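# A structural walkthrough
Okay, here's what each chain looks like letter by letter:
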Amino acid sequence: MRVLVLLDGTPADPDAPLIRVDDLGLLRGDGVFETILVVDGEPRELGPHLDRLARSAAMLDLPEPDRAAFERTVDVVLDRWAGGTEIALKLVHTRGVEGGDGTPTGFALATDISPKVLAQRVEGIAAVTLDRGIEPGLAERAPWLLLGAKSLSYAVNMAAVREAERRGAAEVVFTTSSGSVLEGPTSTLITARGRHLTTPPAELGILPGTTQAALFRAAEREGWTTEVAPIDVADLYSADGVFLVSSVRKITRVHTLDGKALPDSAELHARLDALYESEY
Ligand SMILES: Cc1ncc(COP(=O)(O)O)c(C=O)c1O
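Residues numbered from 1 in each chain as written. Predicted model: local features only at pLDDT ≥ 70, side-chain atom pairs only at ≥ 80, totals over all residues. Heavy atoms only, no water.

### Examining the packing of aromatic side chains
Our working rule: Within 6.5 Å between ring centres, the rings of Phe, Tyr and Trp (the latter by its six-membered ring) count as paired, and their orientation is classed by plane angle as stacked under 30 degrees, edge-to-face over 60, tilted in between. Only DSSP runs of H or I reaching four residues or more are called helices, and only runs of E reaching two or more are called strands; each is numbered from the N terminus. Remark: exposure states derive from per-residue accessible area (1.4 Å probe, protein chains only) relative to the maximum for the residue type, with buried under 20%, exposed over 50%, and partly exposed in between. Each ring is checked for a lysine NZ or an arginine CZ that lies within 6 Å of its centre and within 35 degrees of its normal; such an atom marks a charge sitting over the ring.
If you walk through the whole model with that rule in mind, you get 2 aromatic pairs. Aromatic pair Phe33 and Tyr154: ring centres 5.1 Å apart, planes at 80 degrees, arrangement edge-to-face. Of this pair, Phe33 sits in strand β3 (residues 31-39) while Tyr154 sits in the loop between α5 (138-141) and α6 (155-166); the two residues are 121 residues apart in sequence, bridging distant segments of the chain. Looking at Phe33, the relative accessible area reads 8%, which means it is buried. On the numbers, 5.4 Å between centres and 65 degrees between planes, the contact of Tyr276 with Tyr280 is edge-to-face. For Tyr280, a relative accessible area of 37% corresponds to the partly exposed category. Above the plane of the ring of Phe174 lies Arg132, whose end atom (NZ or CZ) is 5.4 Å from the centre.

Have a look at this one:
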């Protein structure tokens, strides 16, 4: 099941050709996007996702996304959805056509959640560490690299997932060249030690995650402690649990890293899952 609605509120056929071949989102990956989880018709963290869409757009010097129009478009999509209870909802905002009047292209596309992601939520995943080739301070020193923007240029992220698959794993933990943990290609990394959660700082040039923020909020409310601090690869082996979290995958546990089994975190995973769900 898929539902597509253009930013002016017009529903469109997701199987029909639609985007112009000279759209800069297509030609250069010059645009930004968000992927939002919808459960029982309720988008989760819609406000933070729209905030992040605006922040990413500003980093790319794009026109500010029309927030009210995106909110209306989301409503139209959800009204038309007749599929399952969980939806992956993509919002896309590009620079528009090359040589045009600067009007951005915008749409919302709802799809089912892939069976692979649903299985990984339950079974956990094997991951490999891969060098992202960035160093602390680079994001601030070289803002044109757009580190920490959710741009449409995800070819590198997808190439990393293919490399993981070649190595017999499903996912990636990106690191700096000196072995500091960053994030997954489409997820935030969290470690747990007892009732203490840690995630790496966004200043390293990673995307601040809405799922991580929601989980930390819920955990703090229940008396857990949380910390945003650098994590070394070695810390991943000594943690009680390592998790890759994102809107659509929710909390997914990493059971194997670079071919080595991590401590069994199935029980911890269930507790984190319950904390996260308690937010909604
Ligand atoms: C690079 C990257 N980091 C982290 C995340 C997780 O963000 P969120 O929890 O807001 O979905 C994503 C989401 O797709 C991502 O692409």
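### Description of the domain arrangement of the protein
Which entries qualify depends on this criterion: Throughout, the edges of the domains are those of an automatic or database domain assignment. What makes two residues a contact is simply this: any of their non-hydrogen atoms within 4.5 Å. Two parts placed together each lose some accessible area under a 1.4 Å probe, and adding up what both lose gives the buried area.
For the protein, the assigned domains read domain 1 (2-113) and domain 2 (118-277). Between domain 1 and domain 2, the C-alpha centre-to-centre distance is 25 Å. Counting residues at the interface gives 24 residues for domain 1 and 22 residues for domain 2. For the domain 1 and domain 2 pair, buried surface summed over both sides reaches about 1,800 Å², with 60% attributable to carbon and sulfur atoms.

### Comments concerning the sheet that holds strand β5 (residues 86-94)
As a reminder, the rule being used: DSSP bridges decide pairing: two strands pair if at least two such bridges lie between them.
Strand order in this open sheet of 6 strands is β2-β1-β6-β5-β3-β4, and the pairing throughout is antiparallel. On the outer flanks of this sheet lie β2 (11-12) and β4 (42-43), each paired with one strand and no other. As judged from the 5 bridges shared by strand β1 (residues 2-6) and strand β6 (residues 105-111), these two strands associate in the antiparallel manner. The residue of β6 that forms the bridge with Leu4 is Leu109.

### Focus: empty space enclosed by the protein
One way to see where empty space is left: roll a probe the size of a water molecule over the atoms. Inclusion rule: With a 1 Å grid spanning the protein atoms alone, the term cavity applies to any set of points in which a 1.4 Å probe fits but cannot get out, the term pocket to an open set with protein on both sides within 12 Å along at least five of seven lines, and the term lining residue to any residue with an atom within 4 Å of a point. Grid points are joined across faces, edges and corners, and a volume is the space filled by probe spheres set on the points. Under the convention adopted here, Pro, Cys and the residues Ala, Val, Leu, Ile, Met, Phe, Trp and Tyr are nonpolar, Asp, Glu, Lys and Arg are charged, and Gly plus all remaining residues are polar.
Evaluated as defined, the whole model comprises 1 cavity of 30 Å³ or more. Its boundaries defined by the atoms lining it, the largest cavity holds a volume of some 40 Å³. Every residue lining the largest cavity is listed: Leu37, Arg44, Glu45, His49, Thr210, Thr211, Ser247, Tyr276 and Tyr280. Taken together, the residues of the lining of the largest cavity break down into 3 nonpolar, 4 polar and 2 charged. Both domain 1 (2-113) and domain 2 (118-277) contribute no fewer than three residues apiece to the lining of the largest cavity.

### Quick word on the packing of helix α7 (residues 210-221) against helix α9 (residues 266-277)
Heads up, the condition is: Helix axes are fitted only over the stretch in contact, all axes being lines through C-alpha atoms; the angle between N-to-C directions runs from 0 to 180 degrees. Note on terminology: angles under 35 degrees are roughly parallel, angles over 145 are roughly antiparallel, angles of 65 to 115 are roughly perpendicular, and the others are oblique.
Two elements in contact, α7 and α9, have axes whose closest approach is 8 Å; the angle formed by their N-to-C orientations is 95 degrees. With respect to their mutual orientation, α7 and α9 come out roughly perpendicular. Listed contacts from α9 to Thr211, Ala214, Leu215, Ala218 and Ala219 of α7 are Leu272, Leu275 and Tyr276. Class assignment for the residues of the contact of α7 with α9 results in 7 nonpolar, 1 polar and no charged.

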